[in-house]
Amino acid sequence: MESASLSRRLSSDRDAIFGCATMKSARRLFFGFVAAAAVAVSFSLAAAQGPGPLADPKSTNQAGFPGTLYSWVIPPDNPQTPARIALGKALFFEDRLSADGKISCDHCHAPDKGFTDQLPTSMGIHAQFGQRNAPSILNALFNVTQFWDGRAPTLEAQVQGPVTNPVEMGMKSTDDAVAAIKTIPEYQKQFQDVFGRDVNFADIERAIAAYERTQLAFDSPFDKFMAGDQSAIGDSAKRGWSIFNGKGRCMSCHGWNPTQPLFTDQKFHNIGVSAHKSDFVPLARQALDVLGKSGGSSEAIDRLAIGSDMSGLGRFLVTKQPHDIGGFRTMSLRNLLVTQPYFHDGSQVTLWDTIDHYNKGGVQNPYLDGGIVALGLTEPEEDDLVAFLASLTSPEYADAAKQEYDLQFKRSRTDRPQRDTAAADGDKGRGPGLAGPFGDIGPAQNVENPALLGGD
Amino acid sequence: MAARHKSVETKYMEDRDAALRGLRGLDRRTFLKVLAASAGAVMAKSLMPPHTFQLVEVANAAPDKAASAAGLAGQPPFTFAYISDTHLYPRTLNQRFVRGAVKAVEDVNALDPQPDFVLFGGDLAQLGRREELDLGRQILAEVKAPVKMMVGEHDWFYDLGDTWQEMFGPPNYSFDWKDVHVVVLMSVHEKDFWTARKMTPAERMHTVAGLDNGIQSRFEVGDDERKWLSDDLAKVPHTTPLLVFSHSPLYKYYRNWNFWTDDAEQVQAILKPYKHVTVIHGHTHQMLYNQIGNISFYGMLSTAWPWPYAPTGLPPLTVQMNRADPFDQFDGLGDGQVTVRPDGLADKIYNLWDRNPVSVKADYLVSHGKTARPPAPQFASY
């Protein structure tokens, strides 16, 4: 009986989450897409193969768009000119940047999948799977570092990684990539027009980065709510926002503020995801050995990250600091319902699974971040958190997100592999070191959510 | 010399302005170069962190200049690790500090090679109760290397040391390790403030635990223990390197918080005839080091919580750690390793759990800051 009323409540909240305002703007966008697509098809070879309207550069006129931050992150030596962006877009969808001419950037960063591939880990050349979940390009321009482990400092610098990684695009070298592009007269002309010189890899990087910097994703119901529209999100999402800031402790890493509305602290944390399958200490020794022998070049790190068991060491591969073992970048929370599955290895299928993971205090390991503790969230609280996360969906993905929400919601009613209520409530010790005599006690259940106090 | 006291806010804003001024002069390209260069410098200095397991040889494996000059190159140094200030509550009340203590034990157990011994720096318990001390004893029983125990005021003032001594033996003792004479000193006695006030044991304990009240006296080694120390050292030649463990700093840092030993000067006088003395202390829960005459002081990290720096009295040689992240229970905490050279000088590594480790070389202290300055933190401290 209780669960029936719960699901009734949730479905009404769901309508509120993806409310009328959202549908209206989706329609407006749709007509925009038709016009834009028509233009694109007539001008660009790559566009003719159909990147689709979701690949178009996004307007900066979005609710919640951080204008000041945006002005800081566009590098002075790679300005956002329309010609650069157009060239970058063509290269982003260019299969010939890969060794077999079949894998382009959008193979794993597909616009209709929130610039991901919606796979646990990505499939590259010759149907090989890497070790990491494809991070979204959306809002990637705001990342202080790129990749799950921050091994590249800029969008320009990260291009080389996938192009030359043997399990991604498989080019032997960046020279091979340049040679492949050089054979195409249209590109030769475009590079001359845009950069005033022959095709070279640094300019390929600049062009692709310039295109990626057009992928802005704000304008969500939550952004409108924060801009003052009380009806933009439903009651469940509002409760979720309170839990996000209070009992759930989400805000301590996935921070939001008006100047940096990104839901990330840009840092690296071990939350225990790869502790499932990695014995960290021997793995770290092995990684130091391998990196020592290979001189620790960025290529060497890239290969370990994508193509070896040592991938689970995360940030450690870059810094070699033990406190970074198993640490991965805090990802933004926007458009999560089109970028599933979750975590660096894509190991979690639903948002409920990811919250279950945090709720039980992660997976114990010697390098677990000090902020990860059992949360004692109840089922309705988890549902509210998911409703809040759903409200971070940008309008162009509203329909896809609604479908995914329904799928995940249904699945979450029966299938909860990560749920461990006893651990979440602290009724049992966690891990061999803590079981028994040092049994944990849980968070108090009767604490009032501070975010709900002192209001009206 | 006597710089006017500045508030923490003023100091913070000054540091911040200086950092921003430095950055403003750089365009993006130069800035990236600076970043790359500093990363390279770290590699070049082989400033690798022997944190939870040894990534490189023991920090001091290559004998440094001072050791060579002293004609001691070739003699092996020894290494010990420490865990300190766990402040355990009964397990039904608090699992947070248990988690810190267990993490520290896992840390020292993962060291390869293993340290010669592990010093426990005092304040095992929070309020001196048997169940707290017993919980600590169970956790420390997991340590693979031999454990040397030191007492802190939180272990002592509920029953004036009865339970602690029953479990761990006398609070003052000494032993020789390799060529070094090691002394563990009980430094947290207080003058009797409780009898006249008719305090219960619990009231007495709570008063001492609240460091900044005006009721209790300041910590002191006291007449008896100072006599014990003099007697113990009577048979130790002045050329022998000394290593002294005390819970409170054996100097005067900040009286109001009892970061203080009232008879510090008298203890220092007893240690004065020795060429090199290293004092390792707990209690202050922060990166803290000092040099007074022939004595080098190092403060240990806690596994429970970090103290802020006191408003005055901080030894000028200390490079402060910056403010801990309040959402991260491990930030500003940790354990550490100390490599004791044959001449008695000690190089120390602060294993900060959620930060890069910081190495403090003996040469930095004995040269009074002229060489081997530890890196400044990225942000200002509080």
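Worth saying up front: this structure is predicted, and the values here are computed from it rather than measured. (Residues numbered from 1 in each chain as written. Chains lettered and ligands numbered in written order. Predicted model: local features only at pLDDT ≥ 70, side-chain atom pairs only at ≥ 80, totals over all residues.)

We now examine the environment of Lys227(B). Residues and elements named next belong to chain B. With respect to the element layout, Lys227 can be found in helix 9 (residues 222–234). The exposed category is assigned to Lys227, around which 12 C-beta atoms lie within 10 Å. Separated by 96 residues in the primary sequence, Lys227 and Glu131 place their C-alpha atoms 33 Å from one another. (Helix = DSSP H or I, 4+ residues; strand = E, 2+ residues; numbered from the N terminus. Buried ≥ 20, exposed ≤ 12 C-beta atoms within 10 Å, placed from the backbone.)

Attention now goes to the domain arrangement of chain A. All names here are of chain A. Entries for chain A in the domain assignment read domain 1 (66–212) and domain 2 (221–278 + 326–452). Domain 1 and domain 2 are separated by 30 Å when their C-alpha centres are compared. The partner domain 2 presents 22 residues to the 24 residues of domain 1 that form the contact. Residues of the side of domain 1 that touches domain 2, tallied by class, amount to 9 nonpolar, 12 polar and 3 charged. (Domains from an automatic or database assignment. Contact = placed C-beta atoms within 7 Å. Nonpolar A, V, L, I, M, F, W, Y, C, P; charged D, E, K, R; others polar.)

The predicted model of chain B has a mean per-residue pLDDT of 83, with 79% of residues at 70 or higher. Across chain B, element-level confidence peaks in strand 2 (residues 117–120) of chain B with a mean pLDDT of 98 and bottoms out in helix 2 (residues 28–44) of chain B with 40. (pLDDT = per-residue confidence, 0-100.)

The next thing to look at is the confidence of the model for chain A. Residue and element names in this part refer to chain A. Scored by pLDDT, chain A comes out at a mean of 86, with 82% of its residues at no less than 70. When pLDDT is averaged over each element of chain A, helix 10 (residues 201–212) comes out on top at 98 and helix 2 (residues 20–43) at the bottom at 41. Considering only residues more than four positions removed or in separate chains, one finds that residues 1–48, a stretch of pLDDT under 50, has 47 contacts.

Regular strands place side chains that alternate from one sheet face to the opposite one. Residues and elements named next belong to chain B. With 5 of 5 residues buried, strand 7 (residues 277–281) lies mostly within the body of the structure. Bridging between strand 6 (residues 242–246) and strand 7 involves 5 bridges; their strand directions are parallel. Bridge pairing in strand 7 links Val244 to Val279. Crossover connection from strand 6 via helix 10 (residues 264–271) to parallel strand 7: handedness right-handed. (Pairing = 2+ DSSP bridges. Right-handed = clockwise from strand over helix to strand, strands pointing away.)

This next bit is on helix 8 (residues 174–182) of chain A. Residue and element names in this part refer to chain A. Turning to helix 8, its buried residues are Ala177, Ala180 and Ile181. Along the axis of helix 8, the buried residues cluster in a sector spanning 95 degrees; they form a single face. Those residues of helix 8 that are exposed and angled more than 90 degrees off the buried face are Asp175 and Ala179. Against the buried residues of helix 8 lie helix 7 (160–164), helix 9 (185–195) and helix 10. (Arc of directions from axis to C-beta.)

Residue and element names in this part refer to chain B. Summarising burial for strand 9 (residues 295–299): 5 of the 5 residues are buried, a large majority. Side chains of strand 9 alternate between two faces, with Ile295, Phe297 and Gly299 and Ser296 and Tyr298 buried alike. Across 5 bridges, the pairing between strand 7 and strand 9 is parallel. The partner of Val279 across the bridge, within strand 9, is Phe297. Summarising the sheet, strand 8 (residues 288–292) and strand 9 pair through 5 bridges and their orientation is antiparallel. Of the residues in strand 9, the one forming a bridge with Asn290 is Phe297.

On to the sheet that holds strand 2 of chain B, then. Backbone-to-backbone hydrogen bonds pair the strands of a sheet. The strands run either parallel or antiparallel. Residues and elements named next belong to chain B. Spatial ordering of the open sheet is given by 3-2-1-10-11-12, a layout of 6 strands whose pairing is mixed. Among the strands making up the open sheet, the edge pair consists of strand 3 (147–149) and strand 12 (358–360). Neighbouring strand axes in the sheet, compared pairwise and without regard to direction, differ in orientation by 25 degrees on average. As judged from the 3 bridges shared by strand 11 (residues 346–352) and strand 12, these two strands associate in the antiparallel manner. Each bridged residue has a counterpart across the sheet, and for Lys348 the counterpart in strand 12 is Val360. Where helix 4 (residues 96–109) meets the sheet, its contacts fall on strand 1 (78–83), strand 2, strand 10 (334–340) and strand 11, and the angle it forms with strand 1 comes to roughly 165 degrees. (Axes fitted to C-alpha atoms, helices over the stretch in contact; angles between N-to-C directions.)

Let's shift gears to unusual backbone geometry. For residues besides glycine, phi is generally negative; the peptide bonds are generally trans as well. Backbone torsion omega between Gln340(A) and Pro341(A) reads -5 degrees, so that peptide bond is classified as cis. Assignment of secondary structure puts Pro341(A) in the loop between strand 2 (328–329) and helix 16 (351–359). In this chain, Asp112(B) is followed by Pro113(B) through a cis amide linkage whose omega measures 5 degrees. As for its placement among the helices and strands, Pro113(B) is situated in the loop between helix 4 and strand 2. In the Ramachandran plot, Asp219(A) falls in the positive-phi region, its phi being about 60 degrees despite a non-glycine side chain. The topology assignment puts Asp219(A) in the loop between helix 10 and helix 11 (221–226).

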